[in-house]
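Topology and contacts: notes
Take a look at the letters that make up each chain.
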There are 2 protein chains.
Amino acid sequence: METKDLVIIGGGPAGCSAAVYAARSNIKTTVITEDFGGQLMLTDHIENYLGFSKETGASISEKFEEHVKTYENVDIMLKKVEKIEKENGIFKIKTGDEELLAKAVIFATGTKAKKLGAKGEEKFLNKGVGYCALCDGPLYQGEKVAIIGGGYSGTEAALYMADIAEKVYLINAGDKLTGEPITVDKIPKKENIEVINNAYTTEFFGDQLLEGVKYEDSETGEEKKIEVAGAMVEIGRVPRSDTVDFVEKTEEGKIVSDNHCRTSEKGFYAAGDVSTIEEEQAIVAASDGCKAALDAKKYLDEQN
Amino acid sequence: METKDLVIIGGGPAGCSAAVYAARSNIKTTVITEDFGGQLMLTDHIENYLGFSKETGASISEKFEEHVKTYENVDIMLKKVEKIEKENGIFKIKTGDEELLAKAVIFATGTKAKKLGAKGEEKFLNKGVGYCALCDGPLYQGEKVAIIGGGYSGTEAALYMADIAEKVYLINAGDKLTGEPITVDKIPKKENIEVINNAYTTEFFGDQLLEGVKYEDSETGEEKKIEVAGAMVEIGRVPRSDTVDFVEKTEEGKIVSDNHCRTSEKGFYAAGDVSTIEEEQAIVAASDGCKAALDAKKYLDEQN
């Protein structure tokens, strides 16, 4: 089996930027990803990636995909990676039905939604409970919904839902909202958002479909409930690093990487939100992809 | 005099991205810059900033400027900064005719062209000798020109000039070209580019205007000369850090900064090519600007 020079896993900003830089360094590259854009696809508007002042997550993702596809020396495989192993200095990347060998890997798989762990969460999954307001929101036109989480994604989700739902309960475990200030400031201006602070979500209830959410007031210990047709859990994300176990990770599963995205394993780079990146921002992930590809070029030159 | 929260110096990718993130963090910000885009304005095409696969340096600079101008809480001063001092924990920024006080500064002034130091270089400045093929190139329509420098900017300049000039001598001090591989590969395809390796430029000569360039063949020691109407020195760039002397710098004048763009002076951030950045790339500078602004927000919150 042919051993490839570089395999990039992930099609978000880190993976796409890595592909652009690898292509321009004349490295024959394969990108394996299920889709393009990564977490940006779950975002309504992107306004903080310099150069795009008002773009939807979907349209910026499309631009990233187009950019990668301008390079003929980049192969794209739309697949899910199941497992990565290292044997005799070569990385073995297993998808469902195929195996690839590579001298170097840039791992840029990003994150997935964090679960709450509340009662009924599994039972009502896709029956009222979800993890992506942007994806599921339009199902709840004119209904009452709960957004669980008062941070970056929770506050953005609440604003987004305010224009769709009749009423939005923003259930926040903390004593104040902690999202991006420009977003947090917009919340009080939406009359149909009710912020419930110090509220610890305990249960999703209903018959066949979700009918409501129970939470505990963490100041009084009192249990309360609200009736909603939909509840979106937006309490943050966890790294998608399960497929690799030969590199150093933090307790929460982030892959430890340095300033050039190098990990504990030579030739294996981690870029973007799956790594111990400084800030979980698209522009930083894109920068990481650049650094990883330029360092991978040097690594490959040393090998050849 | 009012003390501002944050002053950003520079309007390249680092300064602009810092302005976007500062604005979105509700920091009242002043940007002082002579122009927008920075070094990108000196570049023909930008193809490696993810999302823009085929953009001119001028048009991407315009997009950056527009992005910054979408925020009402960002003031823009089109001025040159002469000197920055620190007194009692407050930064004093002097322009020609004004003085600003700021609690925090993001310094993102980038770089300027490096001089060669050859005989006649000053005498023929703007009389045939220049430092920016893109800016001056069109003056030499159908003429013979020399590009001095065989790295990133030299090889790009040679390609750019090949479509304008009758003949391009690419004078390279090294024994092979060291630009971006995708650019280097295009050089032999241009019949009117002649690469002269191992050539150390010694003199620019002429009467009133430049008439040619002398160089020493570093293998034989022999002095040779070529006749050209224009010579563009493209041997790299040096940091523009002269206006500040209270922070730690490297020998070449780069401001030493960490992963969050923090310098040896609390509240003073250095972002982009003027700092000890990992890679001198627009996407990395934009990421740096983001990191600096997010850290400056924390610093300012602690102060207030």
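Up top is the structure.
Residues numbered from 1 in each chain as written. Chains lettered and ligands numbered in written order. Predicted model: local features only at pLDDT ≥ 70, side-chain atom pairs only at ≥ 80, totals over all residues. Heavy atoms only, no water.

**A closer look at helix α4 (residues 152-162) of chain B**
Residue and element names in this part refer to chain B. Taking burial as the measure, the 11 residues of α4 include eight buried ones, the bulk of the element. Every buried residue of α4 is listed here: Gly154, Thr155, Ala157, Ala158, Leu159, Tyr160, Met161 and Ala162. Contacts from the buried residues of α4 go to α3 (133-136), β11 (144-148), β12 (167-171), α5 (181-184), β13 (193-196) and β17 (230-233). (Buried < 20%, exposed > 50% of the residue type's maximum accessible area, 1.4 Å probe, protein only. Helix = DSSP H or I, 4+ residues; strand = E, 2+ residues; numbered from the N terminus. Contact = heavy atoms within 4.5 Å.)

**Some thoughts on the pairing of β11 of chain B**
Residue and element names in this part refer to chain B. β11 sits mainly inside the fold: four of its five residues count as buried. As paired elements, β11 and β12 share five bridges and run parallel to each other. The residue bridging Val145 from the neighbouring strand is Val168, located in β12. In this region the chain leaves β11, passes through α4 and returns to the parallel neighbour β12; the handedness of that crossover is right-handed. (Pairing = 2+ DSSP bridges. Right-handed = clockwise from strand over helix to strand, strands pointing away.)

**Quick look at the packing of helix α1 (residues 13-24) of chain B against helix α2 (residues 57-69) of chain B**
Residue and element names in this part refer to chain B. The geometry of α1 relative to α2 is characterised by a closest axis approach of 9 Å and an angle of 25° between their N-to-C directions. In this view, α1 runs roughly parallel relative to α2, as classed from their interaxial angle. The handedness of the crossing between α1 and α2 comes out as left-handed. Across the interface between the two elements, Pro13, Cys16, Ala19 and Val20 of α1 pack against Phe64, His67 and Val68 of α2. Looking at side-chain class alone, the contact of α1 with α2 contains six nonpolar, one polar and no charged residues. (Axes fitted to C-alpha atoms, helices over the stretch in contact; angles between N-to-C directions. Parallel < 35°, antiparallel > 145°, perpendicular 65-115°, else oblique. Left-handed = near helix turned anticlockwise from the far one by under 90°. Nonpolar A, V, L, I, M, F, W, Y, C, P; charged D, E, K, R; others polar.)

**Structural notes on the packing of aromatic side chains**
Within the structure shown, the criterion is met by 14 aromatic pairs over all chains. Considering the side-chain rings of Tyr49 of chain B and Phe52 of chain B, the 5.8 Å spacing of their centres and the 35° angle between planes classify their relative orientation as tilted. The rings of Tyr49, Phe52 and Phe64 of chain A together with Tyr49, Phe52 and Phe64 of chain B are connected pair by pair, giving a single aromatic cluster. Over the ring of Phe205 of chain B we find Lys225 of chain B, and its NZ or CZ is 5.3 Å from the ring centre. (Phe/Tyr/Trp six-rings, centres within 6.5 Å; stacked < 30°, edge-to-face > 60°. Lys NZ or Arg CZ within 6 Å of the ring centre and 35° of its normal.)

**Some words on the relation of the copies chain A and chain B**
Between chain A and chain B, the superposition needs a rotation of 180° and an axial shift of 0.0 Å, giving an RMSD of 0.1 Å. Accordingly, the operation relating the two chain copies is best matched by a two-fold axis. Among all residues of chain A, the one whose C-alpha sits closest to the rotation axis is Ser287 of chain A, at a distance of 3.0 Å. Of all interface residues in chain A, 97% are interface residues in chain B too; the two copies therefore contact each other through one and the same surface. (Least-squares fit on C-alpha atoms with pLDDT ≥ 70 in both.)

**Here we look at the sheet that holds β12 of chain B**
All names here are of chain B. The strand order across the open sheet built from five strands is β10-β17-β11-β12-β13, with neighbouring strands paired in parallel fashion. Two strands bound the open sheet, and with one partner strand each, they are β10 (129-130) and β13. As judged from the four bridges shared by β12 and β13, these two strands associate in the parallel manner. Note that in β13 the partner of Leu170 across the bridge is Val195. In this fold α4 packs onto β11, β12, β13 and β17, with an angle of close to 170° to the strand it touches most, β12.

**Re the environment of Gly130 of chain A**
Residue and element names in this part refer to chain A. Checked against the element boundaries, Gly130 lands in strand β10 (residues 129-130). Separated by 120 residues in the primary sequence, Gly130 and Thr250 place their C-alpha atoms 27 Å from one another. Non-local contacts of Gly130, meaning those with residues more than four positions away in its chain, are made with Asp136, Ala231, Met232 and Val233.

**Looking at the interface of chain A and chain B**
Chain A puts 38 residues into the contact, and the matching count from chain B is 37 residues. Around 3,700 Å² of area is buried between chain A and chain B when both sides are counted, 57% of it from carbon and sulfur atoms. For chain A, the biggest contributors to the area lost against chain B are Arg24, Leu50 and Glu278 of chain A; these three give 22% of the whole. Linking chain A with chain B are four salt bridges. Between Arg24 of chain B and Glu47 of chain A there is a salt bridge whose closest N-O contact spans 2.9 Å. Taken together, the links from chain A to chain B amount to 24 residue pairs in polar contact (both at pLDDT 80 or more). Secondary-structure elements contributing two or more residues to the side of chain A that touches chain B are α1 (13-24), α2 (57-69), α5 (181-184) and α6 (282-303) of chain A. Top contributing element to the side of chain A that touches chain B by residue count: α6 of chain A, with nine residues. (Buried area = accessible area lost by both parts, 1.4 Å probe. Salt bridge = Lys/Arg side-chain N within 4 Å of Asp/Glu carboxyl O. Polar contact = N/O pair within 3.5 Å; in protein donor to acceptor, adjacent residues only side chain to side chain.)

**Side note on the environment of Ala23 of chain A**
All names here are of chain A. Residue placement: Ala23 occurs in helix α1. The class of Ala23 is buried, set by a relative accessible area of 1%. Taking the C-alpha atoms as reference points, Ala23 and Gly110, separated by 87 residues in sequence, lie 21 Å from one another. Among residues more than four places away in sequence, those in contact with Ala23 are Tyr71, Asn73 and Val74.

**Comments concerning the pattern of salt bridges**
All names here are of chain A. Within the structure shown, the criterion is met by 46 salt bridges over all chains. Among the salt bridges present, the one from Glu65 reaches Lys69, with a minimum N-O distance of 2.6 Å. Here Glu65 and its partner Lys69 are both found in helix α2, four residues apart, which amounts to about one turn of the helix. Judged by relative accessible area, which is 49%, Lys69 ranks as partly exposed.

**Topic: unusual backbone geometry**
Positioned with a positive phi, Asn126 of chain A is a non-glycine residue whose angle comes to about 65°. Note on placement: Asn126 of chain A falls in the loop between β9 (111-113) and β10. The backbone phi angle of Asn198 of chain B is positive, close to 50°, even though this residue is not glycine. Within the secondary structure, Asn198 of chain B sits in the loop between β13 and β14 (199-206). For Asn198 of chain B, a relative accessible area of 15% translates into the label buried.

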